[in-house]
Every structure is written in structure tokens, then in C-alpha cells.
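Listed here are the chains, written in short residue letters.
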Amino acid sequence: MKHTAFRFDRSLLNRKGDSVRYLEVGMEAPTPTTDSKPKRAPLDLALVIDRSGSMSGAPLAAAREAARGVAAGLRPADTLSVVVFDDRVDVLFEGLPMDRIGKKRADSILGQVHSGGMTCLSGGWLRGAETVAHLREGNEGRRSQVILLSDGHANEGILDPGELARHASELRERGVYTTCVGIGDGYSPEQLAVLSEHGGGLLHRAERPHEIIEVLLGELGDLMNTYAEDIKVEVNMPDDVIAGCIGDLPSSETSAGVSYHLGTLVEGRERHIILRLKCPRGEPGKALKFKGRITFKRPGSNKREKVELKATRLEFADSSVSLRKQKRDKKLSQRVASAWQAEVVRNAAGMNRDGAFREAADMVRTELAFFSRYCRGIDGTSRLIRELEMLEDRVRYDIPERGRKEMHNYSEARLKSKPEHRSMHPGELCDFME
């Protein structure tokens, strides 16, 4: 890692307890020069394409064109598998080397994909994972990736998001990663989000047919330039500290704290996670100590590399005066505010989709009271406050599904530093809440 960060927005605690502090773990991948750019590990890629009836016409045509573009962008040492599904799962080809002959064959077969019936998402995804998983056996130094494209809710196979998350986590631990592309307004963000979050990838949105091509080729570019995979952030903390991650990343308990699963990091980019910590009471002059580390795999390697983070601490203030006058990390506080707002937006979108309009408005209003207080004196946060005030009013009524999808995408981009591969997209929250 080029740079790492392990720091608090404020360093003092109220001795009476219940202080809330925010801990940032940040990392930045280096940008290699032409001379230092590492050799890329061969990629075994599976494209899993929804061909259900709702994909007929322009969406499926765009998915075929995008798949052809991916095939053209792969190298001879890479392999491509293509799985299509409706209520039936078909493997069009499996582990096809992307040399000149393989690309020609792939192009010919892809032109024959036509739409069908229902949506057995889990069957298609798991079959796609199988096509790349078996290529790993006895072949060190290869990468395994599934990209799932779907425009609908699964209505056959595994439907429960919890079970989908479990399978995605198991595949990630085996080195098979999943990224999803939700097409149009009918896909299930709950089902696709758990596959990507627990599968070590991202959930992208492609509203229009041409965006399918932009997103898929953009994701391929990121795969080509991945610096680290299966990133885990381990934080060791006192037992009486209550911790939660803004954005609710997949996590697991460790003997001394908690481990958060971040997915991948592309060369030249940054990732930040923010932990919200509720702290106990304590004696003035005493301190709570925190340790952390980042572990990850290089693309194509099964070996985990480790970066130890410089230990940090929170001290109990000796008086209320010193507590009020303590300095604040303004830049970190801006990132906390951005992530916090994104979390509220994502939760509001889900509640609105479920028809819990009044509950969603109450949630936003409650969060806004604490959020506004936190943002006092922090430059650039007044806009975030205004947007939440607008959201409180808007979420009382049914928001069109397109708006809810864009709200979710807005949140994912800010919580996970997700790139926006679409050339034309609504950039601000107010642009898609009308």
C-alpha cells in the first residue's frame, strides 16, 4: 500500500461515558509507472447473462455487444466463460482461451443468445462460478472473477439474500469474486448487493442499453488494473467499546475485535471505511487503545500480505472545558459526514421501497438531528444537510423505482469509492428524488 490511515476525528472522551467517536481506516494503492507496472496474472472470467423475457430487445442486444467487447479486451492467456439463464441455465462456452481463434468462436456464439422465460438468478450465478472455480485447481497464479448481469428479481432458485450472501462469502474465500450489474429499474438491489458485497466486488447500475456496454467495459478495465483483492481490515479494541461500520460492510468477529471485508482496490485509487464507536466511561488521564491491520491478496496469489497500522488511542478528558476545546480533524470529519449521509440515503430508499413511508421520514428526521450537530463548523456539509432535509420530505411519498435505484447507487459510490462508468448519470441526490 502506498499510504494508510488509522485515526480518529477527535481524540478525547467524556469520562461519564457514551461518547461517540469515528475511526477511519484508509488505504491508497500506488499508481505504477510504465517501467514498474507489474505483469498481470491471467484472468478466468465468467459472464453470467440474464436472458429472461424482460431482457428481450435492446437490453439483451447491448449485453451481447458488451460481452463481445469484453472478449476483444482479454489477452490470449485469459479465458472466458459465458453462462445464460432464464428458468433454465445454459453454458454457451466454458474456459475458452482468448486467443484469436477463441475470440472468433466467442463472437459467433454470442450472436445466438435470445431471450426466454423466468429468472433463476442463483442457478446462473453458481454455474458461472463453477466454470472459473475448477480452472483454479492446480493452477497457481490465476484470477477468478464472475460478472453477473440481470434486470429482474430472482423468482426461482435461491431467493433469500442471507443464503446468497453465505454462498458468495464461501466463493470469495476460495478466491472466486463476484461483481454485479443491475440493468434497468426492475432488478433487486437486495439480492445483487449481497452477492457483490460478500463476493468481494461491486454493484453497478446500467439504466439504459448503451450503459450496459460502458459499465461492463469499465469494470473490465478495473479488473485489468486491480492492485489488491479480498481486502480485510482487522481492528482490535477494548471489549466495552461498541463498534459499527457506516455502510454495514460484511464483517466477522475476531478474538480481539472485528474484521471487515472490503473487496478490491484498483491501482491509484483510495478506499476508506468509517467505524462509529460508542465508548464507555473512564478515569481522566486513562486511555482506550486501538490496533489495526490491513491484509489482502495480490491478484493471482493465494498468499495474504499484511500492513500493520500505527496504534492509536482515545483519552478521557480531565474536564468538560478540555473536551469542548479539543481539536477536530476537519478533513476526516468531512468524510464521516459524506459516509453518514450516504448510509441514511440508502436506508431511506429501502424503507420507501417497502412502503414504510412514515417510518422512513421519522428515521431521516432522527438522523438529521444528530447529523446537523456533528456537522457544525465543518466546511462543505451544509449541502449534505439540505439534501437530507429534502429527503425527509420526499421519502414520505412513493418514490419512483428509478429514483430509489439511483439513491442506492449514489450511496454505494460514496460508501465504497465506487467508480461511475456511465458517461451520463445523475450526479447529485436532488437530481433523482423528483
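Structure: see above.
As the structure is a computational prediction, the values presented were derived from the model and not from experiment.

> Would you explain the overall build of the chain in this entry?
In terms of regular secondary structure, the chain is built from eleven helices and 16 strands. Relative to a compact globule of 434 residues, whose C-alpha radius of gyration would be 22 Å, the chain shows 23 Å and is just as compact. Each of the three principal axes of the chain carries a C-alpha extent, and together these read 75 × 50 × 40 Å. Taking all 434 residues of the chain together, 54% fall into the buried category. Surface accessibility of the chain: about 18,800 Å² in total, with carbon and sulfur atoms responsible for 48%. Side-chain charges in the chain split into 68 positive and 65 negative, and the spacing between the mean points of these groups amounts to 6 Å.

> Any chance you could explain empty space enclosed by the protein here in plain terms?
Where empty space is left in the structure can be found by rolling a water-sized probe over the atoms. Counted under the stated rule, the structure contains six cavities of 30 Å³ or more. Volume-wise, the largest cavity comes out at about 240 Å³. Around the largest cavity sit 23 residues that line it, and Leu202, Asp222, Thr264, Leu265 and Val266 are the ones nearest its centre. Only β7 (143–150), α6 (209–224), β10 (226–236), β13 (257–266) and β14 (270–278) provide two or more residues apiece to the lining of the largest cavity. Counting residues per element, the lining of the largest cavity draws most heavily on β13, which supplies five residues. Of the residues contributing to the lining of the largest cavity, the split by class is six nonpolar, eight polar and nine charged. The computed volume of the second largest cavity comes to approximately 60 Å³. Every residue lining the second largest cavity is listed: Arg136, Arg142, Gly175, Tyr177, Glu229, Lys297, Arg298, Gly300, Ser301 and Asn302. Looking at side-chain class alone, the lining of the second largest cavity contains one nonpolar, four polar and five charged residues.

> For this particular structure, what's the right way to read the sheet that holds β10?
Sheet strands pair by backbone hydrogen bonding; their relative direction is either parallel or antiparallel. Spatial ordering of the open sheet is given by β2-β16-β15-β10-β13-β12, a layout of six strands whose pairing is mixed. Each of the sheet's edge strands pairs with one partner strand only, and the pair in question is β2 (12–13) and β12 (251–254). The pairing of β10 with strand β15 (residues 287–297) spans six bridges and is antiparallel. Residue pairing in the sheet places Asn236 in a bridge with Lys291 of β15.

> Would you mind going over the layout of surface pockets with me for this structure?
Of the voids in this model, the largest pocket is the one considered here, and its volume is about 590 Å³. What lines the largest pocket is a set of 19 residues, and nearest its centre among them are Arg10, Val20, Arg21, Arg373 and Tyr374. Those elements giving two or more residues to the lining of the largest pocket turn out to be β3 (20–28), α7 (320–325) and α9 (357–374). Looking at the lining of the largest pocket element by element, the count peaks at four residues for α9. In terms of residue class, the lining of the largest pocket is made up of six nonpolar, four polar and nine charged.

> Sorry if this is basic, but what is going on with the sheet that holds β14 here?
Pairing in this open sheet of four strands is antiparallel, and the strands run β1-β3-β14-β11 from one edge to the other. Each edge of the open sheet carries a strand with a single partner, namely β1 (3–8) and β11 (242–245). Strand-to-strand twist across the sheet, computed as the mean angle between neighbouring axes with direction ignored, equals 20 degrees. Taken together, the nine bridges between β3 and β14 define a ladder with antiparallel strand orientation. The residue of β14 that forms the bridge with Val20 is Lys278. Contacting β1, β3, β11 and β14, helix α8 (residues 330–353) runs over the sheet at an angle of about 80 degrees to β14.

> Any chance you could explain the nonpolar core here in plain terms?
Most often, soluble globular proteins have nonpolar side chains that are buried together. Grouped together as the largest cluster of nonpolar side chains are 34 residues, with contacts concentrated most on Leu45, Leu47, Leu74, Leu80 and Leu149. Those elements that provide at least two residues to this core are β4 (43–50), α1 (58–73), β5 (79–85), β6 (89–97), α2 (100–110), β7, β8 (176–183) and α6. Element by element, the count of residues in this core is highest for α1, at seven residues. When residues no more than four places from it in sequence are discounted, the contact partners of Leu80 are Leu45, Leu47, Ala71, Leu74, Phe93, Glu94, Gly95, Leu96 and Met98.

Conventions used here
Residues numbered from 1 in each chain as written. Predicted model: local features only at pLDDT ≥ 70, side-chain atom pairs only at ≥ 80, totals over all residues. Heavy atoms only, no water. Helix = DSSP H or I, 4+ residues; strand = E, 2+ residues; numbered from the N terminus. Rg over C-alpha atoms; globule rule 2.2 N^0.38 Å. Buried < 20%, exposed > 50% of the residue type's maximum accessible area, 1.4 Å probe, protein only. Areas by Shrake-Rupley, 256 points an atom, 1.4 Å probe, with all protein chains shown as cover. Lys, Arg positive; Asp, Glu negative; His and termini not counted. Charge placed at Lys NZ, Arg CZ, Asp CG, Glu CD. 1 Å grid on protein atoms, 1.4 Å probe; cavity = no way out; pocket = protein on both sides within 12 Å on 5 of 7 lines; lining within 4 Å. Points joined across faces, edges and corners; volume = space filled by probe spheres on them. Nonpolar A, V, L, I, M, F, W, Y, C, P; charged D, E, K, R; others polar. Pairing = 2+ DSSP bridges. Axes fitted to C-alpha atoms, helices over the stretch in contact; angles between N-to-C directions. Contact = heavy atoms within 4.5 Å. Core = buried A, V, L, I, M, F, W, Y, C linked by side-chain atoms within 4.5 Å.

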